[in-house]
Amino acid sequence: METKKKLVVLGGGESGVGAAVLGKDKGWDVFLSDYGTVAPRYAEVLDREGIEWEQGTHTMERILSADEVVKSPGISPKTPVMKAIAEKGIPVVSEIEFAGRYTDAKMVCITGSNGKTTTTLLTYHILRDAGLDVGLAGNVGKSLALQVARDPHKVYVIELSSFQLENMYSFKANVAVMLNITPDHLDRYDYKMENYVAAKFRILRNQTPTDAFIYWQDDPVIAAQLKQVTTEAMMLPFAEAFEPGCHAWVDGDDDVVFETNVESMKMPRAQLSLNGLHNLYNSMAAGLSACLLDVRKDDIRRALGDFEGVEHRLEYVATVDGVRYINDSKATNVNSTWYALESMPRSGVVLILGGTDKGNDYTEIEPLVRSKVKAIVCMGKDNAKLMDFWQGKVPALFDTHSLSDAIAACRSVAVEGDTVLLSPCCASFDLFKNYENRGELFKQAVKSL
């Protein structure tokens, strides 16, 4: 009898548990290890599936016996466990790479330093409303691996961070979207911008002439990198105003024009549901992706006009005295807050954290906090762990125990041009019924200012 190949999954979150289930279904001998705490809902899945797992430690003997490792994107290659795996020469792949082996679905993959989530959700909204069999994966939606295993689709719209792209090798994006590249996560990349850019550009790997690369034409970092890399993919740049080679732009009548080799259409910019220049670019990228998948023009126009975003996920609430308020109450773990902070401006963020701590390790968001956050407002019944961790790491730190006190603290420190971000990292059950209740009350409080 043939011995099963050993798959070790590092990280017991959405992507890790999905990879473990897919590995089990495909005949691997699976072991999952999480150095932190596995959330109860994921522990329940692992137990139900009969998958061996551990938390709070790494049993190195088990890990180093693997034929292959699937790594959670949040785990740095510089951690001791990853160094040991590298020294042993064990192949390491991302969950997306692993899942891609077991499906021939079309992949629409979206990356960028800012706007990924909005563009991913908008693209998914267009395709789903047009009747396509489409799944949502990556940093939003369900794990791609879990969907491939148990709920397969013909098309997937996938939000990809540079961390996920690091360990992708054979995976191919049929449509690759790159919104922008700004300095970010440089601690992960030896403080070398070129390493971060190279990770982002892995989205072009394995593309053929029948595939497409959609990107912002006026991004200087993308433009510079395109002089150094080659791709066989169709190039579909977009820009605010027409430039030679552009495939989406705003014309003199203030219509947004979309042109691909298969489709040409336009719609009034005023009819786009998302406002602002950055959202114009997000809409262009999503619209071009839909055109490439032969979605009807009327369906694209309608969906671009009625998209509402996702409540409690990076939801704009209001601007009060020049300060933007963002409701990201759905961020109940460190990883979600990491993605929220990634999408924020590079400075002037007042971050509200707190709630029921689930064994959180806040070191994952520390680099982003240090670079972007001017103040942290802790909001919970017991903020001792948060206060202890963040003391001395941000210019201002507040200890509050109610929503009203938290809002007051934010107002005392935020000035015109700043952003107040509710992205708590924690469950809501100490002060609220659930994250929806927390988000609703936050929005009510902001709108009554």
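Everything below is about the structure shown above.
A. Main features of the overall build of the protein chain. Looking only at helices and strands, one finds 17 helices and 20 strands in the protein chain. Taking 2.2 N^0.38 as the reference for a compact globule, 449 residues should give roughly 22 Å; the C-alpha atoms of the protein chain span a radius of gyration of 22 Å, in line with that estimate. By its C-alpha atoms, the protein chain is 65 × 60 × 40 Å across when sized along the principal axes. Buried residues in the protein chain amount to 56% of all 449 residues.

B. Structural view of the environment of Ala 285. Of note, Ala 285 is situated in helix α11 (residues 277–292). Classification of Ala 285 as buried rests on a relative accessible area of 0%. Here the alpha-carbon distance between Ala 285 and Ile 214, two residues 71 residues apart in the chain, equals 6.6 Å. When residues no more than four places from it in sequence are discounted, the contact partners of Ala 285 are Thr 119, Val 177, Leu 179, Ile 214 and Phe 238.

C. View of the nonpolar core. By size, the foremost hydrophobic cluster in this structure holds 49 residues, and its most contacted members are Leu 144 and Ile 158. A per-element tally of this core places helix α1 (residues 14–25) first, with 5 residues. Ile 110, Val 177, Leu 304 and Phe 307 belong to the second-largest nonpolar core, a separate cluster that totals 42 residues.

D. Spotlight on the sheet that holds strand β3 (residues 52–55). Within the open sheet, the 5 strands sit side by side as β3-β2-β1-β4-β5. Their pairing is parallel. This sheet does not close on itself; its edge strands, each paired only once, are β3 and β5 (92–93). In this structure, strand β2 (residues 29–34) lies alongside β3, joined through 4 bridges in parallel fashion. Across the sheet, the residue bridging to Phe 31 is Glu 52, located in β3.

E. Molecular detail of the pairing of strand β11 (residues 234–241). Summarising the sheet, strand β10 (residues 212–216) and β11 pair through 5 bridges and their orientation is parallel. When the bridges of β11 are listed, Tyr 215 appears paired with Pro 237. The parallel pair β10 and β11, bridged by helix α10 (residues 220–226), forms a crossover whose chirality is right-handed.

F. Spotlight on the state of the cysteines. Per the counting criterion, the structure on display carries 0 disulfides. Cys 291 takes part in no disulfide bond, and the closest cysteine sulfur, belonging to Cys 246, lies 14 Å away. Relative accessible area serves as the criterion here: at 0%, Cys 291 is assigned to the buried category.

G. Main features of the pattern of salt bridges. Applying the stated rule across the entire model yields 20 salt bridges. Close ionic contact of Glu 52 with Arg 62 constitutes a salt bridge, the shortest N to O distance being 3.3 Å. Placement of Glu 52 in strand β3 and of Arg 62 in helix α3 (residues 60–63) is noted, with a sequence separation of 10 residues between them. Residue classification places Arg 62 among the partly exposed positions, given a relative accessible area of 31%. Ionic pairing is found between Arg 128 and Asp 129, a salt bridge with its closest N-O pair at 3.6 Å. Since its relative accessible area comes to 32%, Asp 129 is described here as partly exposed. Overlapping salt bridges bring together Arg 296, Asp 298, Asp 299, Arg 301 and Arg 302 as one network.

H. Quick peek at empty space enclosed by the protein. Within this structure, the stated rule accounts for 1 cavity of 30 Å³ or more. Taken as a whole, the largest cavity spans an internal volume of roughly 60 Å³. Taken together, the residues of the lining of the largest cavity sort by class into 8 nonpolar, no polar and 3 charged.

I. Highlighting the environment of Glu 49. With respect to the helices and strands, the residue Glu 49 is situated in helix α2 (residues 40–49). Judged by its relative accessible area of 12%, Glu 49 is buried. When the C-alpha atoms of Glu 49 and Ser 76 are compared, they prove to be 28 Å apart, with 27 residues separating the residues in sequence. When residues no more than four places from it in sequence are discounted, the contact partners of Glu 49 are Val 21, Lys 24 and Arg 150.

J. Spotlight on the pairing of strand β1 (residues 6–10). Burial runs high along β1: 4 of the 5 residues are buried. In terms of strand pairing, β1 meets β2 through 5 bridges, oriented parallel. Within β2, the residue paired with Leu 7 across the bridge is Val 30. For the crossover from β1 across α1 to β2, the handedness is right-handed. One ladder, built from 4 bridges, connects β1 with strand β4 (residues 68–71); its direction is parallel. By the bridge assignment for β4, Val 9 is matched with Val 70.

Thresholds, definitions, all that
Residues numbered from 1 in each chain as written. Predicted model: local features only at pLDDT ≥ 70, side-chain atom pairs only at ≥ 80, totals over all residues. Heavy atoms only, no water. Helix = DSSP H or I, 4+ residues; strand = E, 2+ residues; numbered from the N terminus. Rg over C-alpha atoms; globule rule 2.2 N^0.38 Å. Buried < 20%, exposed > 50% of the residue type's maximum accessible area, 1.4 Å probe, protein only. Contact = heavy atoms within 4.5 Å. Core = buried A, V, L, I, M, F, W, Y, C linked by side-chain atoms within 4.5 Å. Pairing = 2+ DSSP bridges. Right-handed = clockwise from strand over helix to strand, strands pointing away. Disulfide = S-S within 2.5 Å. Salt bridge = Lys/Arg side-chain N within 4 Å of Asp/Glu carboxyl O. 1 Å grid on protein atoms, 1.4 Å probe; cavity = no way out; pocket = protein on both sides within 12 Å on 5 of 7 lines; lining within 4 Å. Points joined across faces, edges and corners; volume = space filled by probe spheres on them. Nonpolar A, V, L, I, M, F, W, Y, C, P; charged D, E, K, R; others polar.

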